[in-house]
Structures are given as structure tokens and as C-alpha cells.
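Chain by chain, the residues:
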Amino acid sequence: MTSPIWHPFTQHGLGDPIPRIVRTEGAALHTSDGRRIVDAISSWWVTTHGHRHPRIMAAITEEAGRMDQIIFAGWTHEPAETLAHGLVAIMPEALRHVFFSDSGSTAVEVALKMALGYWRNRDEPRDRILVLEHSYHGDTIGTMSVGERGVYNRAYAPLLFDVGTIPFPHPGAEQATLDALEAACRAAPAAFIVEPLVLGAGGMLIYPPHVLAEMRAICARHAVLFIADEVMTGWGRTGTLLACEQAGVVPDILCLSKGLTGGAVPLAVTMATAAIFDAHLSDDRARMFFHSSSYTANPIACAAANANLAIWRDEPVHDRIATLGARQAAHLDRIARLPGVTNPRRIGTIAAVDLQVGDRGYLSDLGPKLLRFFTARDLLLRPLGNTVYVMPPYCIDEADLDAVYAAIEEACATLL
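Residues numbered from 1 in each chain as written. Predicted model: local features only at pLDDT ≥ 70, side-chain atom pairs only at ≥ 80, totals over all residues. Heavy atoms only, no water.

### Comments concerning the UniProt feature "modified residue: N6-(pyridoxal phosphate)lysine" (unreviewed entry) in the protein chain
Stage number 1. When the UniProt feature table is mapped onto this chain, "modified residue: N6-(pyridoxal phosphate)lysine" (unreviewed entry) is found at Lys258.
Stage number 2. Filtering out sequence-adjacent residues up to four positions away, Lys258 remains in contact with Trp44, Trp45, Val46, Val231, Met232, Gly263 and Leu267. (UniProt positions renumbered as here; feature names shortened; annotations may be inferred. Contact = heavy atoms within 4.5 Å.)

### Some points on the packing of aromatic side chains
Stage number 1. All chains considered together, the criterion is met by 13 aromatic pairs.
Stage number 2. Between Phe9 and Tyr362, the aromatic rings sit 6.5 Å apart at their centres with planes inclined by 80°, giving edge-to-face as the arrangement. Of the two residues, Phe9 sits in the segment before strand S1 (21-25) while Tyr362 sits in the loop between strand S14 (350-355) and helix H11 (366-376), which places them 353 residues apart along the sequence.
Stage number 3. With relative accessibility at 35%, the residue Phe9 sits in the partly exposed group.
Stage number 4. Here the aromatic rings of Phe72 and Phe100 are separated by 5.8 Å at their centres, their planes lie at 90°, and the arrangement is edge-to-face. Linking Phe72 in the loop between helix H2 (54-64) and helix H3 (78-90) with Phe100 in strand S4 (residues 95-101), this pair joins segments that are 28 residues apart in sequence.
Stage number 5. Through successive ring pairs, a cluster of aromatic residues spans Phe9, Trp44, Tyr136, Tyr152 and Tyr362.
Stage number 6. The ring of Trp119 carries the charged tip of Arg126 above its face, separated from the ring centre by 3.9 Å. (Phe/Tyr/Trp six-rings, centres within 6.5 Å; stacked < 30°, edge-to-face > 60°. Helix = DSSP H or I, 4+ residues; strand = E, 2+ residues; numbered from the N terminus. Buried < 20%, exposed > 50% of the residue type's maximum accessible area, 1.4 Å probe, protein only. Lys NZ or Arg CZ within 6 Å of the ring centre and 35° of its normal.)

### Regarding H2
Stage number 1. Every buried residue of H2 is accounted for by Ile56, Ala59, Ile60 and Glu63. Buried residues of H2 fall within an arc of 100° about the axis and therefore sit on the same side. In H2, the exposed positions that point more than 90 degrees away from the buried face belong to Pro54, Thr61 and Glu62.
Stage number 2. Of the surrounding elements, those touching the buried residues of H2 are H3 and helix H9 (299-314). (Arc of directions from axis to C-beta.)

### Some details on the nonpolar core
Stage number 1. Counting 96 residues, the largest nonpolar core has Phe192, Met204, Leu212, Met215, Phe374 and Ile408 as the members making the most contacts within it.
Stage number 2. Of the residues forming this core, the biggest block, 9 residues, is contributed by H9.
Stage number 3. When residues of this core are assigned to domains, at least three map to each of domain 1 (12-52 + 316-415) and domain 2 (54-314).
Stage number 4. Counting residues in hydrophobic clusters, the runner-up holds 26 residues, among them Val108, Leu112, Val231 and Ala272. (Core = buried A, V, L, I, M, F, W, Y, C linked by side-chain atoms within 4.5 Å. Domains from an automatic or database assignment.)

Rendered as C-alpha cells:
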């Protein structure tokens, strides 16, 4: 029987089979036909400590015995209170306020609305948003508006609002980026939103911490709010808890999701400074922050996130990240020598290369061929067109990581 499911980012017209997963564990997915699939991209960048981490699963089970969803507008509960205090304790000191939502896209939507509300409530109307070229922040209307225009959102162009685009700081062109940002900030925009240090869906494009630091400084000089979208880069992916740490940057607004619960269940937060919160604080109800979702601060999801924070406190997560990063570097060094492999790059636990083909970019014909090749070898690797990247859970063992890179080598020899 044909499935009625319409899968995300899937062209059903290609007729590719869709494996059915029946169990997950550690760095692996198990299929209904008995295959063990190595999850080399953390199931779309969410799984940090590994699938079904015992502490997170136990927290979910325990909380499910007490509470399910309750309204969060004007009400509260212990899992959310504990999580908010826990986040304030480990995130930059200036970020004192925690707003809950349920996905990376909504965390960014919240951030954009906070920024615009801040200026409106100060009676200083600013409404222009600055973005970094090649960025991706989600698939809702606001997040598409602040992302790269192209195949992802071409059909929805009438819905999107205009933004100012700052060129990506390619090697050797960093000053051009900074000059463009300086010029754009002179026009008093509301905010500048960035993916710190690495642009994910844009092709795993990496730029150095000193550029991030200078971009933050430019915004501060011009009183432009700085929004850090750490939905993908947060929770250790770049080698530190936040990518912003490596640049000594504290944003005005911070977006977190994906690894917030260890990747177990959906949850997101947008953290803001006191200035952002205070701009909405009033005895005038018309100045409140008008945003929510039905599942804001779901208690079970908050319990999972609290277990994640406990893992970061109690277990050697930083050591695991450093070890995985070193292993990725060694594999990448070997892969980089292969014919047809260009632009090898790594930051923290993320490694990527570009494969030389005539048609580059997300719609490269090489992409589906690579996907089928890796799936046939029991690997979950989902290339971004001709860009192959590896972003596994921190628990992946050497044998599984070796298998991932052996398959990439074989793909280069077979498909290029």
C-alpha cells in the first residue's frame, strides 16, 4: 500500500524507497528489514549524546507520569522553571530571559518579533533586518525571509519581506563583509541575524571567529541588535557549548533548539537581554510580547532538556567532542588528498568537503546519486548537493566513523 505521508525535502517523483526505522540506539538506526544504519548526520543535526540516551529517556518517562501539556500563558510548572534557571546559569550572563517555543524556525521567528517589538515599544521605529549571504534560518515565512533566496523559497517569494544582505566573508574577502555591514548599519536597521562561524544548509560554509567578533562590534557601535542563530551550532557542534564563545561574543538575542533536548523531542528557546525584555514590560497590555504556540514549554520536553543539562554537567561531554573533532580531522586530512575533492574544512565535530562536478549547489545531480550510494551502504549521509558533510553524534565509535569515511572514499572513486 502506498504511504499517504508527504515527507519533507523529498521529491517523491524520483521513486526512491524510504526506509522504515523501528529502533534507534547510540549512533545507529535500525530498519524494519534488519539493517543497522550509522547516523552520520545526527538525524538532521539534532542528536548530540546519541539516540535514546538513558538519562534523557528516563526523564521523559518520569515526567510523562506526572504531566502532559498545560497552558503556559500565565501559568508555569517546575520542569520549565528548572530549565530556565539552568540555561541562565550556563549561557552568557547578559541573557537573563528565556522564551520557550518548539523548533528552530519558531525560535528565530520569536527573535525577529522580539527585535521589532523592542524598537516599536521604544518609539524608535526600525524594521529592516540584515542577514548574511547564503544563510538559512528555517522554513516559516519570517525565517525564509531572512534566509538565502533561491530554490528553497522561490515559490513563496510573494510572502517574504525585504532584507539587507551582507556578503559572506569568504577567505580573503573578510574586510569587504565588514565594510558592507558597517555601511548597512549606518542606516539604523533593527537587527542583524547570523549563524555563528558556520552556515549549515548554505553548504557548511565556515568563517573565522575574529570576523564574528568584528561583526558584533560593528552592530554594537550602531546600536543594531545582534541575533545569534545557534540552533545548529549550539550544544558543542563547533567544539564549544556555543559557537559565539570562540569569538567572545554575547548576542542581544540567542536562538537554541536541536541539541537542547539532546535531540530526543522538539523544544526551542529564545534568550534575550534585560533590555529586550524591559522594552515589552509595561502595565499597558498592548505592549506585551504577542507570540505563543499551543505546546509552549511542554513539560515532557522540558524534562528532557533538564536531563541534557545534567549530562553536560556530569559527564565528560567536552572531552567526547574534542576526541570526535580530532578523529574527524584525521579522516578529513586523508579524504582531502583524493582526486576531485576540494575545500576540505572542519570546525569542532563538523567536517565537510566539496566534490568537483559541473553542476554545483543544492540541486546538483550528484546529490541524489550520493544519497543512494550511502544508503545502500547502511549510512545516513545526506549531502547538500555536491557538498558531503559528516556531523555524527558525539558517541560514535571509531569503527562506525571509519565506515563513514571509507564510504566517502569509495563514492569519490566511483561517482566522480
